Amino acid sequence: MEALQAVRGMNDILPDQVGWWQKVEKTAREVLENFGYREIRTPVAEKLELFARSIGESTDIVEKEMYSFQDRNGDFLALRPEATASVVRAYIQHNLQADPILQKFYAVGPMFRHERPQKGRYRQFHQIDAEVFGIDSPMIDAEIMHMLHLFLERLGVSGIMLNINTLGCPECRKTYRKVLQDYLIAAGDDFCPDCLRRRVTNPLRVFDCKVERCKALITGAPAIMDSIDDECRAHFDAVRGYLTRLGTPFVINPRMVRGLDYYMRTTFEVVTDRLGSQNAIGGGGRYNGLVKDLGGPDVAGIGFAIGMERLILLLQQDQTEPARAAQVFVAALGEAAGARGFLLVQELRDRGIEAEMDYEGRSLKSQMRRADKTGARYVLILGEDELNRGEIQLRDMREKTQKNLPLDGVVGEMLELSERS
RNA sequence: GUGGGUGUAGCUCAACAGGUUAGAGCACUGGGUUGUGGCCCCAGAGGCUGCCGGUUCAAGUCCGGUCACUCACCCCA
């Protein structure tokens, strides 16, 4: 029988790694809740149509990266490639607009895209996602980026930069697309094959090209800033102003392009140069038309997503795994003491003390080694002698001191010690 | 979907130009200490060398295929 293994691009997160995930999730919840966001949990699968309509029919995500399938009823479903569409669907379905207070949501969980895996990119990956509805003020654009920055700062991530840009409204975007396309066509046919294709299908994407020849050809390309209307410009200027006054560091990157169709006005991305080819660890933007497009009320929207794998890869570069140590290890010798030690361990745990033991009747030396490796501060040693005398030895592993205690009083003693530390 | 790289012990890696019984460090188990951790010493256990086929007297090594992993491209968090 051939050994089974996990699906390509879907990884196990083993106990020796899970501390990172817990730290990131805990910090995210603290920060987001503090800004008034509340958690929403949506299913991992949705009707295929939801993603096709929200993300954009002609985006690569929908065209070739969707984890889609037909269920037994013949319905076309897909595993969510991102969270925004699902959150918007839930917002509409449950008429969450009716809540006068709660218009900020966050979601944490797995997303799926059927791509070839590489560093920082997997078929099942995890995101922390935040969405705000019904607020069109540039204050919220600035606030959400400020919050994102605060979250990363609190985690101690270094070597990152917040890039911001504006796409203008759909009209501005359409105008700019045409202006840029005209420029690219006038620039000649010396582009790489990809860019020759891109300038027709998605001209903005030419800005992402890594080929030097293409980079040179676009140095003089028109900037989006020159194509947007007064209202969009005022919004962007206000966002910049608030960000500056909040002390959130950022750079304006007029060539930043994002992959989803629904963005308008403010877009942003947190990038790093320390993750190989995957430079974005999180990004988002405003999507005012989306809720209406999906059949809901005409409310504004803005949000972002953070890639947890990428974030953790960064954290691992300059931090060590958050340690976790047991408090007490019970080392028992012989059958009778072993049985008594077993009961003692359960009793300690019942009282909230993290306790561990060796169940296999190994030598004391071996048990001490284990105790040391678990990081236990205290070891309780129970041999036949102690058991007969009704005593137990308490060893402080850090201080290397040891004393006899009455077996009856040991749980109380340990409770006192654990309160003190 | 395309291109490159790599598959040997739980992990990280050796094995001259094909040549005896595939090694080392870490980790693991036992011992050195009748019942005391980290350091040290000794011993032990642990391998279908990814898989299938081919060449050869002989394959971990060469050839073909296949699978997996990995990095990159397209695209993207």
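Residue positions are given per chain, counting from 1 as you read along its sequence in written order. Each chain takes a letter, starting from A, and each ligand takes a number, starting from 1, following the order in which they are written. Residues qualify for local features only when their pLDDT is at least 70, as the model is predicted, and side-chain atom pairs are given and counted only at 80 or more; totals for whole chains, interfaces and linings, by contrast, use all residues. With hydrogens and water set aside, each side-chain value is computed from the structure's full complement of heavy atoms.

Asker: Residue-level account of the sheet that holds strand β1 (residues 38-39), with values.
Answerer: At least two DSSP bridges between two strands are needed for those strands to be called paired. Working definition: helices are DSSP H or I runs of at least four residues, strands are E runs of at least two. Numbering for both runs from the N terminus. Read across the open sheet, the 8 strands follow the order β1-β5-β6-β11-β10-β9-β7-β8; overall the sheet is mixed. Every interior strand has two partners, whereas the edge strands, β1 and β8 (251-252), have only one. The pairing of strand β7 (residues 160-166) with β8 spans 2 bridges and is parallel. Residue asparagine 163 lies in a different strand from β8, and its bridge partner there is valine 251.

Asker: With reference to specific residues and values, describe the nonpolar core.
Answerer: Core analysis: the biggest nonpolar cluster contains 40 residues, and Val24, Tyr37, Ile144, Met147, Phe151 and Leu311 have the highest contact counts within it. Broken down by secondary-structure element, the contributors of at least two residues to this core are α1 (15-34), β6 (124-133), α5 (138-155), β7, α9 (230-246), β9 (264-272), β11 (301-307) and α11 (308-318). Broken down by element, this core gets its largest block of residues, 9 residues, from α5. A contact between two residues is defined here by any heavy atoms of the two lying within 4.5 Å. In contact with valine 24, not counting residues within four places along its chain, are Ile128, Phe151, Leu155, Met308, Leu311, Ile312 and Leu315. Grouping buried Ala, Val, Leu, Ile, Met, Phe, Trp, Tyr and Cys residues that are joined through side-chain atoms within 4.5 Å yields what is termed a nonpolar core. The rule is simple: take the accessible area with a 1.4 Å probe, protein chains only, and divide by the maximum for that residue type; under 20% is buried, over 50% is exposed, in between is partly exposed.

Asker: Requested: an account of a nonpolar patch on the surface, with residues and values cited.
Answerer: Residues forming no salt bridge and having over 30% relative accessible area are the ones grouped into patches, like charges within 9 Å of each other and nonpolar side chains (Val, Leu, Ile, Met, Phe, Trp, Tyr) within 5 Å. A 1.4 Å probe and the Shrake-Rupley method give the accessible areas. Residues count as covered only by the protein chains that appear here. Counted as salt bridges are all cases of a side-chain nitrogen of Lys or Arg within 4 Å of a carboxyl oxygen of Asp or Glu. Taken together, the side chains of Phe342, Leu343 and Tyr359 make up a nonpolar region of the molecular surface, amounting to roughly 320 Å² of accessible area. Here leucine 343 is to be found in helix α12 (residues 335-350).

Asker: Which residues make up the pairing of strand β3 (residues 67-70), and what are the values?
Answerer: Sheet analysis places β3 next to strand β4 (residues 76-79), joined by 4 bridges and oriented antiparallel. Considered in β4, the bridge of serine 68 is made with alanine 78.

Asker: Hey, could you go over the packing of helix α6 (residues 170-186) against helix α7 (residues 193-201) for me, with residue numbers and the actual values?
Answerer: A fitted line through C-alpha atoms represents every axis, and for helices the fit uses only the stretch in contact; the resulting angles, taken between N-to-C directions, go from 0 to 180 degrees. Interhelical geometry of α6 versus α7 gives an angle of 145° and a closest axis separation of 9 Å. Our pair here, α6 against α7, has a crossing hand that is left-handed. Within the contact between the two elements, α6 uses Arg177, Gln181, Leu184 and Ile185 and α7 uses Arg199, Val200 and Thr201. Any residue outside Ala, Val, Leu, Ile, Met, Phe, Trp, Tyr, Cys, Pro, Asp, Glu, Lys and Arg is labelled polar, Gly included; the first ten of those are nonpolar and the last four are charged. Across the contact of α6 with α7, the residue classes break down as 3 nonpolar, 2 polar and 2 charged. For any pair of crossing helices, the crossing counts as left-handed if the nearer helix is rotated counterclockwise from the farther one by less than a right angle, and right-handed if it is rotated clockwise.

Asker: Help me get a handle on the protein's contact with RNA strand B, residues and values and all.
Answerer: Within the structure, RNA strand B sits among 50 residues, and Arg121, Arg198, Arg205, Ser277 and Lys373 are positioned closest to it. Backbone atoms, meaning sugar and phosphate, make up 53% of the atoms of RNA strand B lying within 4 Å of the protein. Element by element, the count of residues in the surface near RNA strand B is highest for helix α13 (residues 364-374), at 8 residues. Taken together, the residues that form the surface near RNA strand B break down as 10 nonpolar, 14 polar and 26 charged. Whether a residue is near a molecule or strand is decided by its heavy atoms; if any one of them lies within 4 Å of it, the residue is near.

Asker: So what's going on with the packing of aromatic side chains? Residues and values would help.
Answerer: Here a Phe, Tyr or Trp ring, Trp counted by its six-membered ring, pairs with any other such ring whose centre lies within 6.5 Å, and the pair is stacked when the planes are under 30 degrees apart, edge-to-face when over 60, and tilted otherwise. Summed over all chains, the structure comprises 8 aromatic pairs. Plain terms: the ring middles of tyrosine 91 and phenylalanine 105 are 6.2 Å apart, the flat faces sit at 80° to each other, and that makes the pair edge-to-face. Residue tyrosine 91 is found in helix α4 (residues 84-93), and its partner phenylalanine 105 is found in strand β5 (residues 104-112); the two are separated by 14 residues along the sequence. By the burial criterion, tyrosine 91 is buried, and phenylalanine 105 matches it. When the ring of tyrosine 91 is compared with that of phenylalanine 133, the centres are 4.0 Å apart and the planes differ by 25°; the resulting orientation is stacked. Residue tyrosine 91 is located in helix α4, and its partner phenylalanine 133 is located in strand β6; the two are separated by 42 residues in the primary sequence. Taken individually, tyrosine 91 and phenylalanine 133 each receive the classification buried, so the pair is uniform in this respect.

Asker: So what's going on with the side chain of glutamine 393? Residues and values would help.
Answerer: Topologically, glutamine 393 is positioned in strand β15 (residues 391-396). In the analysis that follows, any N or O atom pair within 3.5 Å is treated as a polar contact, provided that within protein one partner can donate a hydrogen and the other can accept it, and provided that, for residues neighboring in sequence, both atoms belong to side chains. For glutamine 393, the side chain forms a polar contact with the side chain of glutamine 402, separated by 2.6 Å. With near-sequence residues (within four places) excluded, glutamine 393 lies in contact with Val379, Leu380, Ile381, Glu386, Gln402, Lys403 and Asn404.

Asker: Run through the sheet that holds strand β2 (residues 45-47), naming residues and quoting values.
Answerer: With antiparallel pairing, 3 strands are arranged side by side in an open sheet as β2-β4-β3. Here the strands that pair on one side only, and so sit at the sheet edges, are β2 and β3. Going across the sheet, the axis of each strand differs from the next one's by a mean of 35°, ignoring polarity. Relative to the sheet, helix α2 (residues 48-55) contacts β2, β3 and β4, its axis offset from that of β2 by approximately 80°.

Asker: Would you mind going over α1 in detail, with residue names and values included?
Answerer: By this rule, a helix spans an expected 1.5 Å times one less than how many residues it contains. In this model, α1 (20 residues) spans 29 Å end to end at C-alpha, consistent with the 28 Å of a helix rising 1.5 Å per residue. By the burial criterion, the buried members of α1 are Gly19, Trp20, Trp21, Val24, Thr27, Ala28, Val31 and Leu32. Structurally, α1 contributes buried residues whose contacts are with β5, β6, α5 and α11. Among the residues trailing α1, glycine 36 stands out with phi positive, at a value near 95°.

Asker: Run through the pattern of salt bridges, naming residues and quoting values.
Answerer: Tallying each qualifying case throughout the model produces 19 salt bridges. The partner of aspartate 141 in a salt bridge is arginine 286, and the shortest N-O contact between them spans 2.7 Å. A residue pair is termed long-range when its members are at least 10 positions apart, and aspartate 141 in helix α5 and arginine 286 in strand β10 (residues 280-286) qualify at 145 residues. Side by side, aspartate 141 and arginine 286 carry an identical accessibility label, which is buried. Of the charged contacts in the structure, one is a salt bridge between glutamate 269 and arginine 258, with a shortest N-O distance of 2.7 Å. Placement of glutamate 269 in strand β9 and of arginine 258 in the loop between β8 and β9 is noted, with a sequence separation of 11 residues between them. Accessibility assignment for this pair places glutamate 269 and arginine 258 in one class, buried. Where salt bridges share partners, they join Arg29, Glu39 and Arg41 into one cluster.

By themselves, these are just geometric observations and shouldn't be taken as functional.
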